[in-house]
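# A look at the structure
This is what each chain is made of:
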Amino acid sequence: MLGADAMAKCLLEEQVKVVFGYPGVAICPFFNSMLSVDINRVLVRTEQNAAHMANGYARISGKVGVCVATSGPGATNLITGIATAYADSIPLVCITGQVDSGQLGSDVFQEADITGAVESFVKYSYLVKNVEDIPRIFKEAFHIASTGRKGPVLIDVPIDIQNAAISKFSYPAEVNLRTYKPTVSGHVVQIKKVIKAIGRAQRPIICVGGGVLLSEASENVRDFAHKYGIPVVSTLMGIGVMPTKDPLYFGMVGNNGKPYANRAMNESDLIIMIGARVADRAISQPDLIMDNTVLVHIDVDPAEIGKNVGPHIPLVGDINTIFEQIKKYEAECNCNEWVETLNGYKADAPVRKKPRSEYVDPAEFIRMLSEKLDDDAIYVADVGQNQMWSCGYHIVKAGRFLTSGGMGTMGYSIPAAIGARAAAPGRQIVAVCGDGSFQMSMMELATMQQHKLPIKTIIFHNGYLGLVREYQYNTYKGNYSVVDLSGSPDFGKLSSAYDVPFMKLENMDGADKLIDDFLGTDGPALMEVMIDPLDVVK
Amino acid sequence: MKRLYSVLVENRSGVLMKVAGLFSRRMFNIDSLAVGETDDPDVSCITIVSSGEKGTLEQIEKQLNKKIDVIKIKTFSEEESVSRELMLVKVKYNKSTRKEIMEICEILNASIVDMSKNLLTIQLCDTPERTNLLINMLASISIVEVARTGTLALQKCNLSD
């Protein structure tokens, strides 16, 4: 058995169903060995998208996503995808080929120090120096990626190690890492403090982040909110924990969030942050909150607690485990009046200014689209205005909302949708992007077509890098610099070049029927939606 | 505020880069850093002196703890530690300064470990303050070069230990 066979066998042992990758000579032994195991292989069109596909796969399956690239440029192309996963704590194992270990450090063809280059974007990385280490390293990598605060782990395997004979393959049953033991259960003393704080609070609010979804704790957190009647807001990454129409849900916080969600945070006397980083986009002035508010911060990563804001009650552990523990306690909490106040704020919220009628109103369109989607549909938003409109107006029923939150990586939606499809072949999947972000990963239409994936892609076409244009309008008095997307292809022709059905929506007339037809198409389909070039997020 | 971190790490290649990279990426200060093997050849000890506000000093410990190659961190203030630094100073001397240099060495408990017709190498192992003092005392005479290990530190023994 060769090292490459051992690598493939390790993936089997980890019950990996699919790998997303792009071959090159330095990873060819591995891809050759993959022919003899029952694991799907998806050829991407650029390596960055392999990491995004693994990301989408991991978020929907709850398992580790695997992506593979060759040495040198293959590996360096993965980096943005790895950083995207790191910023959103998505579990990935990234496998890269490397040049012959005897030649490491001599700058031979396609050599890149990838473990060095990704150091600040990975949870851990390995450069395999001995073929016998492969089973242990893979076992550790999958364990590290999927436990504690999840994240990407990179394994760099020189080609001579892949080609070396391994004397005995035995996959370890357990990992033995003396330095890595993430906290799982919450400290009972802290839990009791949280319960006590709930009993004292008049205006409590729960703010859910991506950590709730990562820990698969949505149901427990929802039950907790309903048990005490505590209103809930979410960060961008926490969208989907609560169904949009839940009477206790008050939308997304942050500078692109709902004004009533931010007001709820500011006026609350008890904030329970769950799996959220208290990052700049969500809470622009952490100091403001602290004045007369008790802050509870529940997170699996002790380093997140106190990083941006010092909480009164820190609670470290796996969120789902903690809420299993919290279930056992009782507190009196009556916040009906507070919920009524928030409902009042919600009713008074300013209505978004409609764009010119010759264009599609993105808010209206997204609302209409999401009402038509299956209950468990997966909606993947890209980055930019399309993303902000999506998180403002998409209605989550029992499905998922995916987007690149922490890193804000353009071009995320299409590959992530492909990854999501691999994880949930039975579910409806929509990718929504702008004409800028679409062009960052439109090459993956080929991947979609190759595997006949019924993913529905929507392009919001406004001819600009809209969110930057909006920023330049506000900050530089409309002096636009390098945001004009003239030169974009005719998306209809592009679509037919890929043999993907195409539809175009010029304005809201006939939107209803066109969306029905679009969603009813077999296989992949592309819809171009014309947006007012001057339309803004709010 | 100064703080000392005695960080036990797996003795593997790349670990120092990971620890040092963490400090640069998160804008943490490194006042001094010293690395060496411990009694266990699989374990190295990195002694880091850093300074910053309370919150930053806490983050340093938490972020270091997240590194999978980090086994254990002990952190203590200057007062709670016994800290030493080894320094070698090469100075130029002549007949008129030789005596003065020797006097300074005697006062500060430094020893002369090498010499030629014009040059002397002085060794001092002491607290960072006293190694600085030696430099200050010799500065007016003519220092050729200085090499320092950076601070090594262990927590003070407790009487009850």
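Residues numbered from 1 in each chain as written. Chains lettered and ligands numbered in written order. Predicted model: local features only at pLDDT ≥ 70, side-chain atom pairs only at ≥ 80, totals over all residues.

Moving on: the overall build of chain B. Helix and strand counts for chain B stand at 4 helices and 9 strands. Each helix and strand of chain B, ordered N terminal to C terminal, gives the series β-α-β-β-α-β-β-α-β-β-α-β-β. Taking the principal axes of its C-alpha atoms as reference, chain B extends roughly 55 × 35 × 30 Å. With 161 residues in all, chain B has 24% of them scored as buried. Considering only intrachain contacts with a sequence separation of at least 6, the fraction spanning at least 24 residues in chain B is 73%. (Helix = DSSP H or I, 4+ residues; strand = E, 2+ residues; numbered from the N terminus. Buried ≥ 20, exposed ≤ 12 C-beta atoms within 10 Å, placed from the backbone. Contact = placed C-beta atoms within 7 Å.)

Before going further, it helps to examine the domain arrangement of chain B. Residues and elements named next belong to chain B. When the domains of chain B are assigned, the result is domain 1 (2-77) and domain 2 (83-154). The centre of domain 1, based on its C-alpha atoms, is set 29 Å off from the matching centre of domain 2. At the interface, 7 residues of domain 1 touch 7 residues of domain 2. Contributing elements (two or more residues each) for the side of domain 1 that touches domain 2: β1 (2-10), β2 (32-37) and β3 (43-51). In terms of residue count, β2 provides more of the side of domain 1 that touches domain 2 than any other element does, 3 residues in total. (Domains from an automatic or database assignment.)

Okay, the sheet that holds strand β14 (residues 400-402) of chain A next. Strand pairing in a sheet takes place through backbone hydrogen bonds and is either antiparallel or parallel in direction. All names here are of chain A. One open sheet accounts for 6 strands, arranged β14-β13-β15-β16-β18-β17; its pairing is parallel. Both outer strands of the open sheet, β14 and β17 (502-505), are each paired with one neighbouring strand and no more. With direction set aside, neighbouring strand axes in the sheet form an average angle of 20°. With respect to the sheet, helix α22 (residues 511-520) is in contact with β16 (456-461), β17 and β18 (525-530), its orientation differing from that of β17 by roughly 160°. (Pairing = 2+ DSSP bridges. Axes fitted to C-alpha atoms, helices over the stretch in contact; angles between N-to-C directions.)

All names here are of chain B. Strands sit in the order β2-β3-β1-β4 across an open sheet of 4 strands; the sheet is antiparallel. Strands at the two margins of the open sheet, each flanked by one partner only, are β2 and β4 (70-76). Adjacent strand axes in the sheet meet at a mean angle of 15° when their direction is disregarded. When β1 meets β3, the two strands line up antiparallel, connected through 9 bridges. Note on β3: the bridge partner recorded for valine 9 is serine 44. Helix-sheet contacts for helix α1 (residues 15-25) involve β1, β2 and β3, and the interaxial angle to β1 is about 150°.

Turning our attention to unusual backbone geometry. At Asp107(A), a position not held by glycine, the phi torsion is positive, near 55°. Mapped onto the elements of the fold, Asp107(A) is located in the loop between β4 (92-98) and α5 (114-117). Asp107(A) sits in the exposed class, given 10 other C-beta atoms within 10 Å. At Met27(B), a residue that is not glycine, the phi angle is positive and equals roughly 60°. Of note, Met27(B) is situated in the loop between α1 and β2. By the C-beta count within 10 Å, which is 8 here, Met27(B) ends up exposed.

We now examine the domain arrangement of chain A. Residues and elements named next belong to chain A. As assigned here, chain A comprises domain 1 (3-163), domain 2 (188-347) and domain 3 (362-530). Relative placement of domain 1 and domain 2: their C-alpha centres are 36 Å apart. Each partner contributes to the interface: domain 1 provides 6 residues, whereas domain 2 provides 6 residues.

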